[in-house]
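Secondary and tertiary structure notes
So you can see what is in the structure, the chains are spelled out below.
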Amino acid sequence: MTLFTGILAVGTIVLAGIAILQWCTLEKTDETLKDTLASTNVTNRPFVFVKEITINPTIMPGYWMFAVLVENSGNTPTREMDYLTISSRSTPTDPGDAFARTPKNGYDVPELIHQRWQGSFLGPKAQMHLLGSQTELPVTVVSKMAADRENYYISGVIHYRDAFSNTPSHVTKFCYALIPFKEGTETRVNYQRCLYWNCADEDCKADRERYDHDLIVANRPKKSR
């Protein structure tokens, strides 16, 4: 009886050990699958960024035309894409602030200057000009801006989701200075990125913090000598 009891106890311990090993293996497999899925999501998720600012003085006679060309470099399409663009001669502030204040349906506010568009779809490896980003300035105005060394700014923010469940939404901010200049008697326009508001996802928080810090420093009263 004692021998049988001992054998039974040993067998129970062995079975328990096997069960623990199986559980550990399943846990490890589950974690591996989760890591693989997360890696796959990152690899295949849509990623929207500004490809270039298109500048064309020939589309409409007497006007310079500007527009924002974006690209989805990912392997899957966007979902619930919602974006806003701002064109102005004033130095840009955070386009995310304007986005938060702008009604979702811009058609309800006819006097609204900012252009917000919902429901856009951008397929994998596809490009598109953002609706509302197409602006035009008269040739005479651009020529005077070149003489006065005045810039024109186009900025905006894009919100979108991907096709995978339980994944965070994404955001891309952009800001460009369009720079008219004279080359002899001819007016030309170039562009370059602004100091702020060119970021994506979690980097936009650090970008905003940098802007807020620099703004405080710039407005700090100067010490009298």
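Predicted, not measured: the structure shown is a model, and the values here were computed from it. (Residues numbered from 1 in each chain as written. Predicted model: local features only at pLDDT ≥ 70, side-chain atom pairs only at ≥ 80, totals over all residues. Heavy atoms only, no water.)

Phe 66, Val 68, Val 70, Met 81, Leu 130, Ile 158 and Phe 174 are the most contacted members of the largest nonpolar core, which has 23 residues in total. Looking at this core, the elements that each hand over two or more residues are strand 1 (48-56), strand 2 (63-72), strand 3 (79-88), helix 3 (139-148), strand 7 (152-161) and strand 8 (170-183). Core analysis: the second largest hydrophobic core is formed by eight residues, Ala 98, Phe 99, Val 171 and Cys 204 among them. (Core = buried A, V, L, I, M, F, W, Y, C linked by side-chain atoms within 4.5 Å. Buried < 20%, exposed > 50% of the residue type's maximum accessible area, 1.4 Å probe, protein only. Helix = DSSP H or I, 4+ residues; strand = E, 2+ residues; numbered from the N terminus.)

With that settled, the discussion passes to the state of the cysteines. Under the defined criterion, the tally for this structure stands at two disulfides. Each disulfide pairs two cysteine sulfurs, and for Cys 175 the partner residue is Cys 194, the sulfurs being separated by 2.2 Å. Because the sign of the S-S torsion sets the handedness, a value of about -65° for the bond joining Cys 175 and Cys 194 places this disulfide among the left-handed ones. One end of the pair, Cys 175, is in strand 8; the other, Cys 194, is in the loop between strand 9 (186-193) and strand 10 (199-200), with 19 residues separating them in the sequence. For Cys 175, a relative accessible area of 0% gives the class buried. The disulfide partner of Cys 199 is Cys 204, and the S-S distance across this bridge is 2.2 Å. Taking the sign of the torsion about the S-S bond as the criterion, the disulfide between Cys 199 and Cys 204, at about 105°, is right-handed. For the pair Cys 199 and Cys 204, a shared accessibility class is recorded, and that class is buried. Looking at the chain, its bonded cysteines, counted consecutively from the start of the sequence, adopt the pairing 1-2, 3-4. (Disulfide = S-S within 2.5 Å.)

Here we come to unusual backbone geometry. For Glu 80, which is not glycine, the phi torsion reads 50° and is therefore positive. Its location among the elements puts Glu 80 in strand 3. Relative accessible area serves as the criterion here: at 54%, Glu 80 is assigned to the exposed category. Positive phi, close to 50°, is recorded for Asp 201, a residue that is not glycine. Turning to its location among the elements, Asp 201 is positioned in the loop between strand 10 and helix 4 (203-219). The exposure class assigned to Asp 201 is buried, which follows from its relative accessible area of 18%.

Here we take up helix 3. It helps to recall that an α-helix has 3.6 residues per turn; residues three or four apart then point in one direction. Of all the residues in helix 3, the buried ones are Val 142, Met 145 and Ala 146. Seen from one end, helix 3 has its buried residues packed into an arc of 100°, which puts them on one side. Exposed positions of helix 3 whose direction lies more than 90 degrees from the buried face are Thr 140, Lys 144 and Ala 147. Considering only its buried residues, helix 3 is in contact with strand 2, strand 6 (135-138), strand 7, strand 8 and strand 9. (Arc of directions from axis to C-beta. Contact = heavy atoms within 4.5 Å.)

On to the pattern of salt bridges. One pass over the structure, following the stated rule, counts 13 salt bridges. Lys 51 is paired through a salt bridge with Glu 71; the nearest N and O atoms lie 3.4 Å apart. One end of the pair, Lys 51, is in strand 1; the other, Glu 71, is in strand 2, and 20 residues separate them in sequence. Its relative accessible area of 44% is what places Lys 51 among the partly exposed residues. For Asp 94, the salt bridge goes to Arg 208, with nearest N and O atoms at 2.8 Å. (Salt bridge = Lys/Arg side-chain N within 4 Å of Asp/Glu carboxyl O.)

Everything listed here is a matter of coordinates, which is why it stays silent on function.
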